[in-house]
Amino acid sequence: MLLIAIYHFEAKIISRGTGRSVVAAAAYASCSRIYNDYDGVTHDYTKKRGNLYSEVFLPFNAPPEWQDRSELWNAVEEAEKTKDSRLARELIVALPIELELDDWKSMLKDFIREECTDKGMCADVSIHDTDGHNSHAHILLTMRPLDDKGKWQAKTQKEYLCKRGDEEQGFTAAEFKAAQAKILWQSLRNYAAAFPTKIPTLYKKNGLPCVMKLWVTYAAVYRKCTERSTAMMRLGWLSILSLMD
């Protein structure tokens, strides 16, 4: 009889909004006991059987104490403040029964290094097999990237998609708002140059010098752009690109 591995892959988001805790998920996957500082609940899965291997993998800039999964996932819980926060990604992948434990570990380590830690994610990996016929791996991944000092950054950055004709271009929020401010600033300067005689009545009445003054700064324009970022979605991305050069 020829045995053929059956492929199975499942990806989930662990979120407080669905009543889940990443500390609980880590305790379950590793068959361990972990206390959750966030809600004061201890999750004890030490009686669970079938865990063959567990290990935490960190990117180079992560604090070394996060090698302890309790420290890692409590740090994640602490970083998230809202009741519906997304805490982690969870991958469940079937492992081919034709291979041995060392082969599974080698495969997973290569995958974690190339697709997770090299891209800034912390990973907590466990291999389960209770009966010799259902070998699979639980992989927990952090949502937030880390900066060079090992501090959490924002999970994602908004991207604005601008379209002109059949061409499209995406910009991060920071790039888009900077370009937007530059466009508005240039428009104001052009207005001042084109209409030098539009001087406030107050200047005329008080005999003040007839000098056109621009009562806004670039910083003020940028701030206003940040507040009304969606207003520039009508602009073509080619115009934005030319102004960002």
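Everything numeric in this text was worked out from a predicted model, so none of it was measured. (Residues numbered from 1 in each chain as written. Predicted model: local features only at pLDDT ≥ 70, side-chain atom pairs only at ≥ 80, totals over all residues. Heavy atoms only, no water.)

1. Describing the overall build of the protein chain
Rules: By definition, any uninterrupted DSSP run of H or I lasting at least four residues is a helix, any uninterrupted run of E lasting at least two residues is a strand, and each is numbered from the N terminus. Categorising residues by exposure relies on relative accessible area from a 1.4 Å probe, with only protein chains included: less than 20% of the type maximum marks a residue as buried, more than 50% marks it as exposed, and the intermediate range marks it as partly exposed. In this analysis, two residues are considered to be in contact whenever any of their non-hydrogen atoms come within 4.5 Å of each other.
When helices and strands are counted, the protein chain shows seven helices and nine strands. In the protein chain, buried positions account for 37% of the 245 residues. Contacts in the protein chain between residues at least 24 apart in sequence constitute 64% of all its contacts with a sequence separation of at least 6.

2. Things to note about a negative patch on the surface
How we decide: Within the patch definition used here, like charges are joined within 9 Å and nonpolar side chains (Val, Leu, Ile, Met, Phe, Trp, Tyr) within 5 Å, considering only residues with over 30% relative accessible area and no salt bridge. Surface exposure here means Shrake-Rupley accessible area, sampled with a 1.4 Å probe, where a residue is shielded only by the protein chains that are shown. For salt bridges, the criterion is a side-chain nitrogen of Lys or Arg within 4 Å of an Asp or Glu carboxyl oxygen. When charges are counted, neither His nor the chain ends are considered; positive counts come from Lys and Arg and negative counts from Asp and Glu. Just so you know, the charge point we use is NZ for Lys, CZ for Arg, CG for Asp and CD for Glu.
Together, D37, E65, D68, E71 and E78 give the surface a local cluster of negative charge. With respect to the element layout, D68 can be found in the loop between β4 (51–57) and α2 (69–79). Given a relative accessible area of 40%, D68 falls into the partly exposed group.

3. Comments concerning helix α1 (residues 22–30)
Taking burial as the measure, the nine residues of α1 include eight buried ones, the bulk of the element. Within the sequence span of α1, burial applies to V22, V23, A24, A25, A26, A27, A29 and S30. Of the residues flanking the end of α1, it is C31, one or two places downstream, whose phi is positive at about 55°.

4. Digging into unusual backbone geometry
Even without a glycine there, the phi angle at C31 is positive, about 55°. One can find C31 in the loop between α1 and β2 (33–36). The exposure class assigned to C31 is buried, which follows from its relative accessible area of 14%.

5. Considerations on the environment of E98
Inspection of the secondary structure puts E98 in the loop between β5 (86–94) and α3 (101–115). Each C-alpha atom of the pair E98 and H133 lies 10.0 Å from the other, and the pair is 35 residues apart in sequence.

6. Looking at the packing of aromatic side chains
Counted only if it meets this: What counts as a ring pair is set by centres within 6.5 Å for rings of Phe, Tyr and Trp (its six-membered ring), and what kind of pair is set by the plane angle: stacked under 30 degrees, edge-to-face over 60, tilted for all other angles.
This structure, assessed with the given rule, holds two aromatic pairs. Summarising the aromatic geometry, the rings of Y28 and Y45 are spaced 5.4 Å apart at their centres and angled 90° between planes, so their arrangement reads as edge-to-face. With Y28 in helix α1 and Y45 in the loop between β3 (41–44) and β4, the pair connects residues that are 17 residues apart, well separated along the chain. Under the relative-accessibility criterion, Y45 is labelled partly exposed at 30%.

7. Things to note about α2
All of the buried residues in α2 are R69, L72, W73, N74, A75, V76 and E77. Tucked inside the fold, the buried residues of α2 contact α1, β2, β4, β5, β6 (123–128) and β7 (136–142).

8. Quick notes on the side chain of D124
Spelled out, the test is: Polar contact is defined as a pair of N or O atoms within 3.5 Å, subject to the rule that within protein one atom must be able to donate a hydrogen and the other to accept it, and that residues adjacent in sequence are counted only when both atoms are side-chain atoms.
Mapping D124 onto the fold places it in strand β6. At 3.0 Å, the side chain of D124 forms a polar contact with the side chain of W73. With residues near it in sequence (within four places) discarded, D124 still touches A26, E55, V56, R69, W73, H138, I139 and L140.

9. Details of the pairing of β2
The cut-off we apply is this: We call two strands paired when DSSP finds no fewer than two bridges between them.
Residues of β2 alternate between two faces, with I34 and N36 buried on one and R33 and Y35 left unburied on the opposite face. In this structure, β2 lies alongside β3, joined through four bridges in antiparallel fashion. When the sheet's bridge partners are listed, N36 is paired in β3 with V41. Linking two consecutive strands that pair antiparallel, namely β2 and β3, is a turn of four residues; a positive phi of about 75° is found at G40 within it.

10. A word on empty space enclosed by the protein
Defined as follows: Residues are called lining when one of their atoms sits within 4 Å of a cavity or pocket point, these points coming from a 1 Å grid over the protein atoms alone, where a cavity is a set in which a 1.4 Å probe fits but cannot get out and a pocket is an open set with protein on both sides within 12 Å along at least five of seven lines. Grid points are joined across faces, edges and corners, and a volume is the space filled by probe spheres set on the points. Residues are grouped as follows: Ala, Val, Leu, Ile, Met, Phe, Trp, Tyr, Cys and Pro are nonpolar; Asp, Glu, Lys and Arg are charged; every other residue, Gly included, is polar.
One pass over the structure, following the stated rule, counts one cavity of 30 Å³ or more. The wall of the largest cavity is formed by V76, A79, E80, L87, T142, M143, R144 and W152. Split by residue class, the lining of the largest cavity holds five nonpolar, one polar and two charged.

11. Quick look at the sheet that holds β5
Our working definition: Axis angles are defined between N-to-C directions and span 0 to 180 degrees, where every axis is a line fitted to C-alpha atoms and, for a helix, only to the segment in contact.
A sheet is described by the order of its strands in space; here five strands give the open sequence β1-β5-β7-β6-β4, paired in antiparallel fashion. Only two strands of the sheet have a single neighbouring strand rather than two, namely β1 (9–15) and β4. Shown here is a sheet whose adjacent strand axes are inclined to one another by a mean of 15°, direction ignored. For β1 and β5, the ladder comprises seven bridges, and the chain directions are antiparallel. Looking across to β5, one finds that E10 is bridged to I92. Of the strands in this sheet, β4, β5, β6 and β7 are in contact with α3, which crosses β4 at around 25°.

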